[in-house]
Amino acid sequence: MKKILITGGAGFIGNHVVRRFVNKYPDYEIYNLDSLTYAGNLENLTDIDKKPNYHFIKGDIADQEFIMNLFQEYQFDGVIHLAAESHVDRSIKDPMTFVHTNVLGTVHLLNAARTIWNGNWEGKKYYQISTDEVYGALGDTGSFKETTPYNPHSPYSAAKASADHFVRAYHDTYGMPTVVSNCSNNYGPYQFPEKLIPLFINNIKNNKPLPVYGKGINVRDWLYVEDHAEAIDLIFHEAKPGETYNIGGNNEWRNIDLIKKLIEIMDRKLGRPEGTSLQLITYVTDRAGHDLRYAIDPTKIKNELGWEPKVKFAEGFEKTVDWYLANEEWFNHVTSGAYVEYYKKMYEGR
Ligand code: NAD
Ligand code: TYD
């Protein structure tokens, strides 16, 4: 019997990781710790939340006393840490929330694990889920390797980079069995519609303008979220302490090309004449510090752990659009209330 703490399990990637672990490992007890910010939604887990090996705990990872008591009570064997403030645009408006959760929250988790494990590292693992954004921005060529120096540009990526440094420091200083993975942009079901793909699906559906930042020439490397969850499973079980793995989709798209592809799919699925929604494209003021290009070199994870993305982009993208169109109720819930205010604050007058 293993007790695994997964933080941020009510968020986008977290719910896919929790689902995978709960279903695949009935002999593990899975504890999903989440403070349920705007991005956390228990509706994301209704298909598995009655399973006997699933447990939900509401709480803030940056609450030092609460976290220490939690580790004392449950004596976790492993931690998969996904909880974070994750949206670059929000980090530009409100950096301190990112310091609170991404930096302080991570260090409190590390301290609690270190205290409870107390040097008995056998069978223990602390796994930090990070992003390729910590590496900074690429020009037209090249890709991020595990050895690429950190060079973050946004408050979001700076906070994630800081947290990653603490994780590695706890390995190097105390011998804690930590691992880190840095993944490229994820897409798929249950992503909060502040991020490009679900936001644009929602806007196309509702005939609202599509706010393309700058010239739309920034490049992202897109990975289907379940492929990421599979890589996390593999790394959690197979990676040696102190290791880092980059995870990517070998799937680079310029924003504007991705948006045109999305419009093509959406117009077809909504029964609109081809190209109808192209008129919604609206170029707006660029994001401050907007990284030009991200691309992952996934050679290490392929060679050492045999992982490769399984879902082809054409298939994953169609599946994603189908999911959002079929889950109108989910969309309506997450885009009501505070979302309306968020949208105004972020896009009005841009
Ligand atoms: P998300 O914003 O959808 O979910 C984050 C979750 O963390 C939410 O459920 C939220 O309620 C919870 N949370 C936030 N602050 C908390 C706190 N103080 N205490 C407890 N819970 C808190 O994020 P996501 O896209 O699922 O990303 C998950 C992780 O993966 C993050 O660490 C992110 O940096 C990393 N990542 C994301 C991507 C991506 O494309 N989305 C790519 C690479 C890495
Ligand atoms: P996003 O989904 O926020 O992910 P990240 O910033 O972590 O890569 O954005 C993906 C790309 O899309 C990024 O280059 C910014 C751009 N973008 C827009 O052009 N308009 C938008 O409204 C949003 C949210 C993003």
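Just so it is clear, the model here is predicted, and its values are computed rather than measured.

A. Main features of the site of ligand 1. If you check the shell around ligand 1, you find 28 residues, and the closest are I13, D34, S86, Y156 and K160. Here an oxygen atom of ligand 1 and a backbone polar atom of L82 are 2.9 Å apart. The contact in question runs from an oxygen atom of ligand 1 to an N or O atom on the side chain of S86, over 2.6 Å. Surface burial for ligand 1 is 96%, taken as the share of its 840 Å² of free accessible area covered by protein chains. Among the elements of the structure, α1 (12-24), β5 (125-131) and α5 (155-174) are those that each provide at least two residues to the shell around ligand 1.

B. Representation of the packing of helix α2 (residues 64-74) against helix α4 (residues 95-117) in the model. In the contact formed by α2 and α4, the axes pass within 9 Å of each other and the chain directions differ by 35 degrees. By crossing handedness, the relation of α2 to α4 is classed as right-handed. Between α2 and α4, the residues in contact are Q64, I67, M68, F71 and Q72 and H108, L109, N111, A112, A113, T115 and I116, respectively. In terms of residue class, the contact of α2 with α4 is built from 7 nonpolar, 5 polar and no charged.

C. Fine view of the pattern of salt bridges. Scanning all chains against the criterion turns up 18 salt bridges. Here E264 ties to K261 by a salt bridge, and the two come within 3.2 Å at their closest N and O atoms. One end of the pair, E264, and the other, K261, are both in helix α8 (residues 255-269), 3 residues apart, so they sit about a helical turn from each other. Across the salt bridge formed by K302 and E308, the nearest N and O atoms sit 3.9 Å from each other. Given a relative accessible area of 44%, E308 falls into the partly exposed group.

D. Looking closely at the pairing of strand β2 (residues 28-34). Of all 7 residues that make up β2, 7 are buried, and the element is covered over most of its length. The alternating pattern of β2 places Y28, I30, N32 and D34 on one face and E29, Y31 and L33 on the opposite face, and all of these are buried. Both strand β1 (residues 2-7) and β2 contribute to a ladder of 6 bridges, which runs parallel. When the bridges of β2 are listed, I6 appears paired with N32. Between β1 and its parallel partner β2, the chain crosses via α1, and the hand of that crossover is right-handed. As defined by bridge partners, β2 adjoins strand β3 (residues 54-58) across 5 bridges and the pair is classed as parallel.

E. Region of interest: the site of ligand 2. Near ligand 2, the surroundings consist of 17 residues, among which E133, R220, R287, H290 and Y347 are the closest. H290 places a polar side-chain atom, nitrogen or oxygen, 2.7 Å from an oxygen atom of ligand 2. Mapped onto the shell around ligand 2, the elements with two or more residues apiece are α6 (196-205) and β8 (210-213). Top element by residues in the shell around ligand 2 is β8. It accounts for 3 residues. Class assignment for the residues of the shell around ligand 2 results in 7 nonpolar, 5 polar and 5 charged.

What counts and what doesn't
Residues numbered from 1 in each chain as written. Chains lettered and ligands numbered in written order. Predicted model: local features only at pLDDT ≥ 70, side-chain atom pairs only at ≥ 80, totals over all residues. Heavy atoms only, no water. Near = heavy atom within 4 Å. Polar contact = N/O pair within 3.5 Å; in protein donor to acceptor, adjacent residues only side chain to side chain. Areas by Shrake-Rupley, 256 points an atom, 1.4 Å probe, with all protein chains shown as cover. Helix = DSSP H or I, 4+ residues; strand = E, 2+ residues; numbered from the N terminus. Axes fitted to C-alpha atoms, helices over the stretch in contact; angles between N-to-C directions. Left-handed = near helix turned anticlockwise from the far one by under 90°. Contact = heavy atoms within 4.5 Å. Nonpolar A, V, L, I, M, F, W, Y, C, P; charged D, E, K, R; others polar. Salt bridge = Lys/Arg side-chain N within 4 Å of Asp/Glu carboxyl O. Buried < 20%, exposed > 50% of the residue type's maximum accessible area, 1.4 Å probe, protein only. Pairing = 2+ DSSP bridges. Right-handed = clockwise from strand over helix to strand, strands pointing away.

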